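Structural features, examined
Residues per chain, in single letters:
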Amino acid sequence: MSRIYQWPEHLLNQGKAENTVKTYLVNLSQFLAYFRDTPPSSSRVPKTAVFSVLRAISECISNLGPGVVIRQISIKNKKLSRAISKDQLHLCKVLARRRIPELLDQLSEDPNPEDRRRFFGHLSVYLASLYGHRTGVLKNMTVAEVDEAQREAKDGREG
């Protein structure tokens, strides 16, 4: 039994995250519960042994709880620190809205690839600032998806 209690620490020492270790333990616990409820006919593992291992695994999961929560909070804080503030998002939208007509005018006079890239970049950023999509989502839209969005918008639905 002592090796069961040592396993989470061993995984953590190997560089596994607390969430990963907890996932391993929960998966193992689910398998053992299944094994307990539907043992194979050829199994010679006593039910008491399965119960003991399940109890030990449950204790290991409980002991990991605070570490998992702390890690989740830490990851959320890191993600929030990289988030774009409302003020920056508003400024981006205003600047893109101002720059897009200028780029369209330039493109009508001289349709060069550099200005075309700038236009699509500003348009993508503007749309992303309005709807919250990553620019990659907008760039990877197919013509059929754009046509479908236009049809839905014409039908009175949000598109």
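Residues numbered from 1 in each chain as written. Predicted model: local features only at pLDDT ≥ 70, side-chain atom pairs only at ≥ 80, totals over all residues. Heavy atoms only, no water.

In this section: the overall build of the protein chain. Secondary structure assignment for the protein chain yields seven helices and zero strands. Taken from the N to the C terminus, the helices and strands of the protein chain come in the order α-α-α-α-α-α-α. By residue count, 19% of the 159 residues in the protein chain fall in the buried class. On the protein chain, roughly 12,100 Å² of surface is accessible, and the fraction owed to carbon and sulfur atoms is 55%. (Helix = DSSP H or I, 4+ residues; strand = E, 2+ residues; numbered from the N terminus. Buried < 20%, exposed > 50% of the residue type's maximum accessible area, 1.4 Å probe, protein only. Areas by Shrake-Rupley, 256 points an atom, 1.4 Å probe, with all protein chains shown as cover.)

Our next topic: the nonpolar core. In summary, soluble globular proteins display a tendency toward joint burial of nonpolar side chains. Counting 14 residues, the largest nonpolar core has Val21, Leu25, Ile57 and Leu64 as its most contacted members. In terms of residue count, helix H3 (residues 47-81) provides more of this core than any other element does, eight residues in total. Setting aside anything within four residues of it in sequence, one finds Leu64 in contact with Leu12, Glu18, Val21, Lys22 and Leu25. Core analysis: the second largest hydrophobic core is formed by six residues, Ile100, Leu107, Phe119 and Tyr126 among them. (Core = buried A, V, L, I, M, F, W, Y, C linked by side-chain atoms within 4.5 Å. Contact = heavy atoms within 4.5 Å.)

Here the focus is the pattern of salt bridges. Overall, the coordinates contain four salt bridges when judged by the stated rule. Between Arg118 and Glu114 there is a salt bridge; the shortest N-O distance is 2.9 Å. Here the residue Arg118 and the residue Glu114 both occupy positions in helix H5 (residues 113-131), the gap between them amounting to four residues, near one helical turn. On the basis of relative accessibility, which here comes to 37%, the residue Arg118 falls in the partly exposed class. Between Arg118 and Asp115 there is a salt bridge whose closest N-O contact spans 3.1 Å. Here the residue Arg118 and the residue Asp115 both occupy positions in helix H5, the gap between them amounting to three residues, near one helical turn. Sharing partners across several salt bridges, the network here consists of Glu114, Asp115 and Arg118. (Salt bridge = Lys/Arg side-chain N within 4 Å of Asp/Glu carboxyl O.)

This brings us to the packing of helix H1 (residues 2-13) against helix H2 (residues 18-37). Where H1 meets H2, the closest approach of the two axes is 9 Å, and the angle between their N-to-C directions is 145°. The interaxial crossing formed by H1 with H2 has right-handed handedness. Contacts between H1 and H2 involve Trp7, Pro8, Leu11 and Leu12 from the first element and Glu18, Val21, Tyr24, Leu25 and Leu28 from the second. A class-by-class count of the residues in the contact of H1 with H2 yields eight nonpolar, no polar and one charged. (Axes fitted to C-alpha atoms, helices over the stretch in contact; angles between N-to-C directions. Left-handed = near helix turned anticlockwise from the far one by under 90°. Nonpolar A, V, L, I, M, F, W, Y, C, P; charged D, E, K, R; others polar.)

Per-chain confidence: the protein chain averages 86 in pLDDT, with 89% of residues scoring 70 or above. Averaged pLDDT values over the elements of the protein chain bottom out at 63 in helix H6 (residues 135-139) and peak at 94 in H2. (pLDDT = per-residue confidence, 0-100.)

We describe a pair of aromatic rings using the distance from one ring centre to the other and the angle between the two ring planes. Tallied over the full model, the rule gives three aromatic pairs. Geometrically, the ring pair formed by Trp7 and Tyr24 is stacked, given 6.5 Å between the ring centres and 25° between the ring planes. One end of the pair, Trp7, is in helix H1; the other, Tyr24, is in helix H2, with 17 residues separating them in the sequence. Residues Phe119 and Phe120 carry aromatic rings whose centres are separated by 5.1 Å and whose planes lie at 65° to one another, so their mutual orientation is edge-to-face. Exposure remark for Phe119: the relative accessible area of 12% places this residue in the buried category. Take Phe120: its relative accessible area is 47%, and that puts it in the partly exposed class. (Phe/Tyr/Trp six-rings, centres within 6.5 Å; stacked < 30°, edge-to-face > 60°.)

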